[in-house]
Amino acid sequence: MRLAVCTLSAVLLSGCSWLGGAGNVFNGGQGHHAKSSQYQYGGGHHGQHQYQAQRDPCQVFSPKAPIPRGCHPSQVTLGTAGGFPQQPNFGAPSHGNSQYANQGYGSHAGVAHKQAANYGPRKSKKRKPRFRGALSLGAEKSISGALLDYTKLPTIDPVAGYNPQDYREMRTTGSEASGNITDVTWTANQQDLSGTAVLTPPGAGFLGYERSNNPEISFDDVYSTPTRIAGGFEYIVNPKTTFFANAGYSQAEGKSGQVASIDATLYRLTESQDYQPEDPGVDAMGNANPATGNFVTAGALQRSTSFIPNEEIARFNYDFTDMKRLDLEAGGRYYFNPVVKSQGYKTLTPFVGAAVGASHYNAVSYDSTQTQRFYERAFEDGENDYYEIVGPNTRVDLYDSQWVPSGQLNAGMEWQVTPKTALAFETGVRVEGARKYSNGEKGDNNIAIPMTIRGSYNF
């Protein structure tokens, strides 16, 4: 019995102690535990930092506070005004102060992890670019060199063997019965005032014309302005020096025009013959019958010659095929100090460059046609009318497709638009080696002035 009473007393005493402790935690009761809670969890600044130092080294009291050293983002808790630590919400919907914790650490967890692992923020190291790609658009104008030189191609000279007598014009009026026949011939020839060689075909020492105009035909005469597009890469050795390699494609439209002409003296040769009947003739009935009569010439042949010197009488025209060219080149550039430098990256820098390479041309040919002047109209009316000689066009193969060496020197200005992009304008001199004609003779070098706009992007 005494043992039972002692046991019951111990249970009652334990219950009272438990009820009193519960009131201190949830109802704010006074006592040892309440004081301890106020000291550790109170809103005072000293209490917060002491709690952080003694209880949780990974607790912060502002969403903008840095992550404590040595703490992973998942270990960080956010202290509230009431003093109770809250775990940042990384997945579930946020409420109250936990929303700031989620924005501060949840959405940038990757960045925060890097900062924590490195004990604070670290500046990213700038990497110097080594390569950049380039795309350019340009045009060029040839200033020297002949695409067609007849001295090296005598067999295709259109004026070789030309005979103006092949195109003479004639007219006859009258008849023997009328008593007169007049023949008029319009032609062209080398000037001969004696009149004896007016109708003489060209022979030894006699050209048949006075002058031929068959000059060399330059590259610029044959083609429209070539346009070029190119792309490549550039290796940046240092701020002053770069090396580059490009591949380009150029195209130009072939022109049509006059390739040669011939000048000569225009002649009008008039020959007149009079006829007079000796016996008018009669039939058996005594009536006139001219068919039985005899006619005789009443005098010598009358000849007169008129001429107009230095008249163009023939033209030879051409129609060239288009030009297509593939360029491969490699070279380098040297950049001087900027002439214009603003704050930041925008600069304007002069440079010089040089490149060597090879160019591949397609085959070149042209169609040749001849137009001839009307002799009578030119002489009588002064008209400058031509007609085309009927017949198939003459196709002339000038060059076969082939590679030629090339090189150029350039200078220009480059403008840095953004930290990674730049625009440049450059010009200079481009030289190409001579191509071989289809007959094996070597042509002329082509010297041209290129003008290029280039854009580049740093990788």
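Coordinates for the structure precede this section.
Rules used in this analysis
- Residues numbered from 1 in each chain as written.
- Predicted model: local features only at pLDDT ≥ 70, side-chain atom pairs only at ≥ 80, totals over all residues.
- Heavy atoms only, no water.
- Phe/Tyr/Trp six-rings, centres within 6.5 Å; stacked < 30°, edge-to-face > 60°.
- Helix = DSSP H or I, 4+ residues; strand = E, 2+ residues; numbered from the N terminus.
- Buried < 20%, exposed > 50% of the residue type's maximum accessible area, 1.4 Å probe, protein only.
- Lys NZ or Arg CZ within 6 Å of the ring centre and 35° of its normal.
- Salt bridge = Lys/Arg side-chain N within 4 Å of Asp/Glu carboxyl O.
- Polar contact = N/O pair within 3.5 Å; in protein donor to acceptor, adjacent residues only side chain to side chain.
- Contact = heavy atoms within 4.5 Å.
- Disulfide = S-S within 2.5 Å.
- Core = buried A, V, L, I, M, F, W, Y, C linked by side-chain atoms within 4.5 Å.

What is the right way to look at the packing of aromatic side chains in this model?
Aromatic ring pairs are described here by two measures, namely the spacing of the ring centres and the angle between the planes. Scanning the entire structure with this criterion turns up 12 aromatic pairs. Centroid distance Tyr-399 to Tyr-437: 4.8 Å. Interplanar angle 20 degrees. Geometry classified as stacked. Here Tyr-437 lies in the loop between strand E22 (421-432) and strand E23 (446-458) and Tyr-399 lies in strand E20 (residues 394-399), a separation of 38 residues in the sequence. Look at Tyr-399 and you get buried, because its relative accessible area is 2%. Judged by its relative accessible area of 3%, Tyr-437 falls in the buried class. Each residue in the set Tyr-162, Tyr-167 and Phe-316 is aromatic and connected to the rest through ring pairs, giving one cluster. The side chain of Arg-377 reaches across the aromatic face of Phe-374, ending 4.0 Å from its centre.

Any chance you could explain the pattern of salt bridges here in plain terms?
Note that side chains of opposite charge can pair when their charged atoms are close. For the structure shown, the criterion picks out 23 salt bridges. Taking the shortest distance from any N to any O, the salt bridge between Glu-271 and Arg-303 comes out at 2.5 Å. Linking Glu-271 in strand E12 (residues 256-279) with Arg-303 in strand E14 (residues 302-320), this pair joins segments that are 32 residues apart in sequence. Note on Glu-271: relative accessible area 18%, which makes it buried. For Arg-303, a relative accessible area of 51% gives the class exposed. In this structure, the salt-bridge partner of Glu-414 is Arg-454, at a minimum N-O distance of 3.6 Å. Of the two residues, Glu-414 is situated in strand E21 (residues 402-416) and Arg-454 in strand E23; the sequence distance between them amounts to 40 residues. Among the ionic contacts, a cluster of salt bridges with common partners joins Glu-140, Arg-228, Arg-325, Asp-327, Glu-329, Arg-430 and Glu-432.

Where do I start with unusual backbone geometry in this structure?
Residues other than glycine predominantly adopt negative phi, and peptide bonds predominantly adopt the trans conformation. The phi angle at Asn-310 is positive, at roughly 55 degrees, despite the residue not being glycine. Structurally, Asn-310 can be placed in strand E14.

How should I be thinking about the side chain of Arg-430 in this particular structure?
Mapped onto the elements, Arg-430 comes out in strand E22. Arg-430 gets classed as buried once you look at its relative accessible area, which sits at 3%. There is a polar contact of 3.3 Å between the side chain of Arg-430 and the side chain of Asp-327. Side-chain polar atoms of Arg-430 contact the side chain of Glu-432, separated by 2.9 Å. Ignoring any residue separated from it by four or fewer positions in sequence, one finds Arg-430 in contact with Glu-140, Arg-325, Asp-327, Ser-359, Ser-406, Gly-407, Gln-408, Asn-446, Ile-447, Ala-448 and Pro-450.

Explain the state of the cysteines to me, please; I cannot follow it from the model alone.
In protein structure, a disulfide is the covalent linkage between the sulfur atoms of two cysteines. Counted under the stated rule, the structure contains one disulfide. Here Cys-58 pairs with Cys-71 through a disulfide, and the sulfurs are 2.1 Å apart. The sign of the S-S torsion, about -85 degrees, decides the handedness of the disulfide formed by Cys-58 and Cys-71: left-handed. Taken together, the positions of Cys-58 in the loop between helix H3 (45-54) and strand E1 (59-60) and Cys-71 in the loop between E1 and strand E2 (77-79) put the pair 13 residues apart, joining distant regions of the chain. The pair Cys-58 / Cys-71 is uniform in exposure class, with both members buried.

Help me out: how do you make sense of the environment of Arg-435 in this one?
Within the fold, Arg-435 resides in the loop between E22 and E23. When the C-alpha atoms of Arg-435 and Asn-446 are compared, they prove to be 9.3 Å apart, with 11 residues separating the residues in sequence. In this structure, Arg-435 is in contact with Leu-147, Phe-219, Tyr-361, Asn-362, Val-364, Tyr-399, Gln-402, Val-404, Glu-441, Lys-442, Gly-443 and Asp-444, ignoring residues within four places of it in sequence.

Teacher, can you tell me more about the nonpolar core here?
One recurring pattern in soluble globular proteins: nonpolar side chains tend to sit buried together. If you look at the biggest cluster of nonpolar residues, it comprises 38 residues, and the most contacted ones within it are Tyr-162, Ile-313 and Leu-398. When contributions to this core are tallied by element, the ones reaching two or more residues are strand E5 (146-148), strand E7 (180-189), helix H6 (219-222), E12, E14, strand E18 (364-373), helix H7 (375-380) and E20. The residues touching Leu-398, leaving out its near neighbours within four places in the chain, are Leu-147, Leu-148, Leu-153, Ile-156, Phe-320, Val-364, Ser-365, Tyr-366, Tyr-437 and Ser-438.

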